[in-house]
Amino acid sequence: MLDNDSDIHPLFAGAPSTTEFKKLRKRIVRYTREAVEQYGMIERGARWLVCLSGGKDSYTLLAVLHELKWRGLLPVDLLACNLDQGQPGFPATVLPEFLERMGVPHRIEYQDTYSVVMDKVPEGRTYCALCSRLRRGNLYRIAREEGCSAVVLGHHRDDILETFFMNLFHGGRLATMPPKLVNEEGDLFVYRPLAHVAEADCEKFAQSMNYPIIPCDLCGSQDGLQRQQVKQILDGWERNNPGRRQVMFRALMNARPSHLLDPKLFDFAGLQRESRLDFAENPDNSEQIPQLR
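This report concerns the structure included in the present document. Computed from a prediction, not measured in an experiment: that's the story for all the values here.

So, how was this worked out
Residues numbered from 1 in each chain as written. Predicted model: local features only at pLDDT ≥ 70, side-chain atom pairs only at ≥ 80, totals over all residues. Heavy atoms only, no water. Pairing = 2+ DSSP bridges. Helix = DSSP H or I, 4+ residues; strand = E, 2+ residues; numbered from the N terminus. Axes fitted to C-alpha atoms, helices over the stretch in contact; angles between N-to-C directions. Contact = heavy atoms within 4.5 Å. Core = buried A, V, L, I, M, F, W, Y, C linked by side-chain atoms within 4.5 Å. Buried < 20%, exposed > 50% of the residue type's maximum accessible area, 1.4 Å probe, protein only.

## Section: the sheet that holds strand β2 (residues 77-84)
To summarise the sheet geometry, strands pair through backbone hydrogen bonds and adopt either a parallel or an antiparallel arrangement. A sheet is described by the order of its strands in space; here six strands give the open sequence β3-β2-β1-β4-β6-β5, paired in mixed fashion. Strands with a single pairing partner mark the edges of an open sheet, and in this sheet they are β3 (106-110) and β5 (180-182). Between one strand and the next, the sheet's axes are offset by a mean angle of 25°, whatever the strand orientation. As defined by bridge partners, strand β1 (residues 47-51) adjoins strand β4 (residues 150-152) across three bridges and the pair is classed as parallel. Bridged to valine 50 within β4 is valine 152. Set on the sheet, helix α2 (residues 56-70) makes contact with β1, β2 and β4; between it and β1 the angle comes to about 150°.

Right under this line is the structure:
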């Protein structure tokens with residue numbers, strides 16, 4: 001079905017007809033479909049709250065999910081949602097107009113979390129942690145109000161890798177953003193269908209489609225963020241060894257608890273060696289000598 005390039009969702013209207021773009025679109029759709037199936041995200045007849053920030057990643061997420069649904073490969077209802085957090089200068093009309101034009105069901109919610117973040121975060125500290133918690137709490141509330149079973153986020157492969165290294169370098173743990181989890185209250189799934197998609201592909205796609213990108217000037221205006229530092233490290237590794245990011249990402253899908261050090265994941269104390277007592281005859285056959293192998 002995906003090979004029929006004349007059939008496209010309205011979100012793909014005006015897409016470039018180049019071979020390069022067609023390959024890009026198919027790759028993103030294929031990787032997203034693989035993640036949805038691999039991590040068991042589909043509940044037939046469910047409703048998903050697709051979170052739209054106005055960045056390149058969330059536009060890509062919105063487009064590819066509607067592409068899959070339109071082709072009958074994603075049997076769920078999709079509700080796009082933008083949370084306007086009261087950030088000064090935020091172009092509040094851009095997303096509603098875009099979603100109306102694309103015929104995408106949506107909800108726009110205004111909650112001034114910006115003032116809370118600016119009031120609570122001490123000078124010199126980063127805003128991301130508190131901003132994220134407030135945003136997530138509001139999205140969970142909206143999902144419940146709209147009868148959604150899942151909150152769907154636009155985090156991609158590189159976000160997952162960066163989070164892994166942030167936890168490694170600064171948190172002292174091996175952990176990252178999982179493609180699928182249940183919230184603390186236990187009533188909502190959180191999905192990341194772009195888990196296998198590279199950030200560079202999201203950027204190329206959104207730029208090629210001329211989607212109206214809205215930058216996040218709140219956290220993006222801060223220097224020295226841990227995530228930016230990790231991104232620079234990964235960028236350097238990728239420049240020196242192209243393909244390194246994908247190799248590291250595959251490692252996250254190939255964990256071996258017995259080759260790590262966490263006794264909660266593997267019973268090292270209970271690990272037993274296998275031994276057998278064999279007998280080998282001595283050269284003159286006068287007696288048998290026990291031999292441990």
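The discussion continues.
## A few points about the nonpolar core
In this structure, Leu11, Trp48, Leu62, Leu65, Phe205 and Tyr211 are the most contacted members of the largest nonpolar core, which totals 39 residues. Elements that contribute at least two residues to this core include exactly α1 (19-38), β1, α2, β2, α3 (94-102), β4 and α7 (199-209). Among the elements that line this core, the one with the most residues is α2, at seven residues. Ignoring sequence-local partners within four residues, the contact set of leucine 11 consists of Leu62, Ala63, His66, Phe98, Met102, Val104, Met209 and Tyr211. Counting 14 residues, the second-largest nonpolar core is a separate cluster that includes Cys81, Ala143, Cys148 and Val190.

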